[in-house]
Amino acid sequence: MKIFNTLSGRKEEFVPLDKNGVKMYVCGVTVYDVCHFGHALSYISFDVIRRYLEYRGYNVKYVQNFTDIDDKIINRSNERGIPWRDLVEKYISEFFADMDALNIKRATIYPRATEEIPMIIEVIKVLIEKKHAYVSTDGSVYFSVRSFPDYGKLTHQTAAEMRVTETLQAEKKEDSLDFALWKAAKPGEPFWPSPWGEGRPGWHIECTAMSIHHLGRQLDIHGGGQDLMFPHHENEIAQSECYTGLQPFVRIWMHNGFLQLGADKMSKSLGNLVTIKQALERNSADAIRLFIVSSYYRMPLRYSLEALDAAEAGIERMKQALKAEGKPGGTVVEPEQFKTRFIEAMDDDFNTPQAVAALFDLVREINRGNERGMDVGKARDMLKELTAVIGFTLQEKKAVSGELVAKIEELVEKRNGYRKAREWKLADEVRNQLKEMGIAIEDTPRGTTWKLTR
RNA sequence: GGCGGCGUAGCCAAGUGGUUAAGGCAGGGGUCUGCAAAACCCCUAUGCAGCGGUUCAAAUCCGCUCGCCGCCUCCA
């Protein structure tokens, strides 16, 4: 299996540290607002990667953090006049609701920054001892970027080349590239005690502390959006490698391409985001997932309603194939070649567009076999197996009450009565009535079937 | 200024040196059907932003031009 590593800039053969276990960390959300489509893109991409690794027999330990304390949370909590802890809890439950609705598998562990304070303090202490960090006059602690010669290796830059942007200098940094490990508390802000005074962790340090705490001093895979490459992941490397003295901190860095909305990127600061809830009102979770995996995870993806609807139609076709009965006992449709193509595609840096192409070819093979009276059972099972690796549910739209089912079936019978009597006009009226209820009718050789269309 | 990405059919999107340029959607024509729906079959890029170059051979490598975008400040 080959995986593209941002660090080396090329695809590498994947060999985990432990033969059977994969240690995987994916940067989570800062919980001050609801999740948007960009989060769906990133977390569905990594969900597929995780599912595929598991399918290939690896025992994946998947850690995803919550940043549950930072400036944005404090500001939002002040704006709304609600305690920051309540704000955080609210958005954590929203996060889980969204992820579950998208059929994203839960991580093994969801550590929170505020629950990792002892480990964070431990890491900072060691960094100070090793002279990679210093305490400033106000009780904040900064990482000394120039103490780490490898700084910039992930994004292929050197500290010397970096543009020095003049930020507001209330901060007491020795060098403008330095970043905060520990932020001294300002009056009224939440804080935790530390050897350097009351304060809270900086943004980057939590990922170092949590990943080392829960996965160990070196990881197999660390993922996130491309926006996190610099400075977040660059800083994580600096902290972690200085703390452990081991290289590399992460074997393979993976970054997903960014979502774009028309010409603009979708971002919280631009206020042009589509929330996951809004997306799910319009399209099914399966269609959203197909839309996302139809493009390669490292490429930018343009949000497109037209493409989402196209995905909806594609999902319908997959569902239809899963219903094909064929003729058990007939000539068997052999699905092995499709599985082989699927695996070859996924082994090549999770090339989901090609993997999905193999799935659609299998769909056609099943339908063709169905028409020709062949035994499609094996092929159908294979389709079920492989679509589950991508994370499709292929479930019917929603449960229907028994009462409604009775009503629908009554109408279907009524229509079939008219059909038998060759009362086409009346039969069509009933069909239209059902259509308005969101029910589609299909007359097959085995009788009339129906399904929900919304 | 530095680092990086993209431009393939009406739309989405793989392919990154060599058989007929995947797949999905949409469209056209058939088969089936009372008509539909679903499904199946056939068709839909002599061409991959443009111009040069390297090569026996390029969408794929190199150069230039045009257009679009990301990061360097919080962001998946």
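What you see is a predicted model, and the numbers here were worked out from it, not measured in a lab.

Student: Could you clarify how one ought to interpret the packing of aromatic side chains in this entry?
Tutor: Describing an aromatic ring pair means giving the distance of the ring centres and the angle of the ring planes. What the rule picks out here adds up to 18 aromatic pairs. The interplanar angle of 80° and the centroid separation of 6.2 Å between the aromatic rings of phenylalanine 95 and tyrosine 110 together place this pair among those described as edge-to-face. Here tyrosine 110 lies in the loop between helix H3 (84-101) and helix H4 (117-129) and phenylalanine 95 lies in helix H3, a separation of 15 residues in the sequence. A relative accessible area of 2% places phenylalanine 95 in the buried class. What makes tyrosine 110 buried here is its relative accessible area of 18%. Here the aromatic rings of phenylalanine 96 and tyrosine 110 are separated by 4.8 Å at their centres, their planes lie at 85°, and the arrangement is edge-to-face.

Student: What should I look at first to understand the pattern of salt bridges in this one?
Tutor: One side chain can pair with another of opposite charge once the charged atoms of both are near each other. Going through the model one piece at a time under the given rule, you end up with 36 salt bridges. Among the salt bridges present, the one from arginine 289 reaches aspartate 47, with a minimum N-O distance of 2.9 Å. Placement of the pair is arginine 289 in helix H8 (residues 285-293) and aspartate 47 in helix H1 (residues 37-55), with a sequence separation of 242 residues. Per residue, the accessibility class of arginine 289 equals that of aspartate 47, and both read buried.

Student: For this particular structure, what's the right way to read unusual backbone geometry?
Tutor: Trans is the prevailing form of peptide bonds, just as negative phi is the prevailing case for residues other than glycine. Of note, the amide linkage connecting phenylalanine 230 to proline 231 takes the cis form, showing an omega dihedral of 0°. Locating proline 231 in the fold gives a position in helix H6 (residues 229-244). Between glutamine 247 and proline 248 the backbone carries a cis peptide bond, its omega angle lying at -10°. In this fold, proline 248 is placed in the loop between H6 and strand E10 (250-256).

Student: For this particular structure, what's the right way to read the sheet that holds strand E6 (residues 141-143)?
Tutor: Paired through backbone hydrogen bonds, the strands of a sheet run either parallel or antiparallel to each other. Reading across from one edge, E5-E6-E7-E8 is the order of the 4 strands in this open sheet, with antiparallel pairing throughout. Each edge of the open sheet carries a strand with a single partner, namely strand E5 (133-135) and strand E8 (199-201). Across the sheet, the mean angle from the axis of one strand to that of its neighbour is 20°, orientation sign disregarded. Across the sheet, H4 is in contact with E5, E6, strand E7 (179-184) and E8; its angle to E7 comes to roughly 120°.

Student: For this particular structure, what's the right way to read the sheet that holds E10?
Tutor: Judged by pairing direction, the sheet is parallel, and its 4 strands sit side by side in the order E4-E3-E9-E10 without closing on themselves. Pairing within the sheet leaves two strands with one partner each, and these edge strands are strand E4 (59-64) and E10. If you compare each strand with its neighbour and ignore which way they point, the axes differ by 20° on average. Summarising the sheet, strand E3 (residues 21-26) and E4 pair through 6 bridges and their orientation is parallel. The partner of methionine 24 across the bridge, within E4, is tyrosine 62.

Student: What is the right way to look at the confidence of the model for chain A in this model?
Tutor: Residues shown with low pLDDT carry predicted positions that ought not to be read at fine detail. When the pLDDT values of chain A are averaged, the result is 92; 95% of them are 70 or greater. Here strand E12 (residues 264-265) stands out as the least confident element of chain A, with mean pLDDT 42; helix H12 (residues 377-390) is the most confident, with 98.

Student: How should the domain arrangement of chain A be read in this particular structure?
Tutor: The extent of an interface is frequently quoted as the accessible surface area lost upon association of the parts. Parsing chain A into structural domains produces domain 1 (2-265), domain 2 (313-390) and domain 3 (402-452). Each of domain 2 and domain 3 has a C-alpha centre, and the two are 30 Å apart.

Student: Would you mind showing me how to read the state of the cysteines here?
Tutor: Note on terminology: a disulfide is the covalent bond linking the sulfur atoms of two cysteines. Applying the stated criterion across every chain yields a total of 0 disulfides. The thiol of cysteine 35 is unpaired, and the distance to the nearest cysteine sulfur, on cysteine 27, comes to 14 Å. Judged by relative accessible area, which is 4%, cysteine 35 ranks as buried. In this structure cysteine 207 is a free cysteine whose sulfur lies 4.0 Å from that of cysteine 27, the closest cysteine sulfur available. Overall, cysteine 207 belongs to the buried group, its relative accessible area being 1%.

What counts and how
Residues numbered from 1 in each chain as written. Chains lettered and ligands numbered in written order. Predicted model: local features only at pLDDT ≥ 70, side-chain atom pairs only at ≥ 80, totals over all residues. Heavy atoms only, no water. Phe/Tyr/Trp six-rings, centres within 6.5 Å; stacked < 30°, edge-to-face > 60°. Helix = DSSP H or I, 4+ residues; strand = E, 2+ residues; numbered from the N terminus. Buried < 20%, exposed > 50% of the residue type's maximum accessible area, 1.4 Å probe, protein only. Salt bridge = Lys/Arg side-chain N within 4 Å of Asp/Glu carboxyl O. Pairing = 2+ DSSP bridges. Axes fitted to C-alpha atoms, helices over the stretch in contact; angles between N-to-C directions. Contact = heavy atoms within 4.5 Å. pLDDT = per-residue confidence, 0-100. Domains from an automatic or database assignment. Disulfide = S-S within 2.5 Å.

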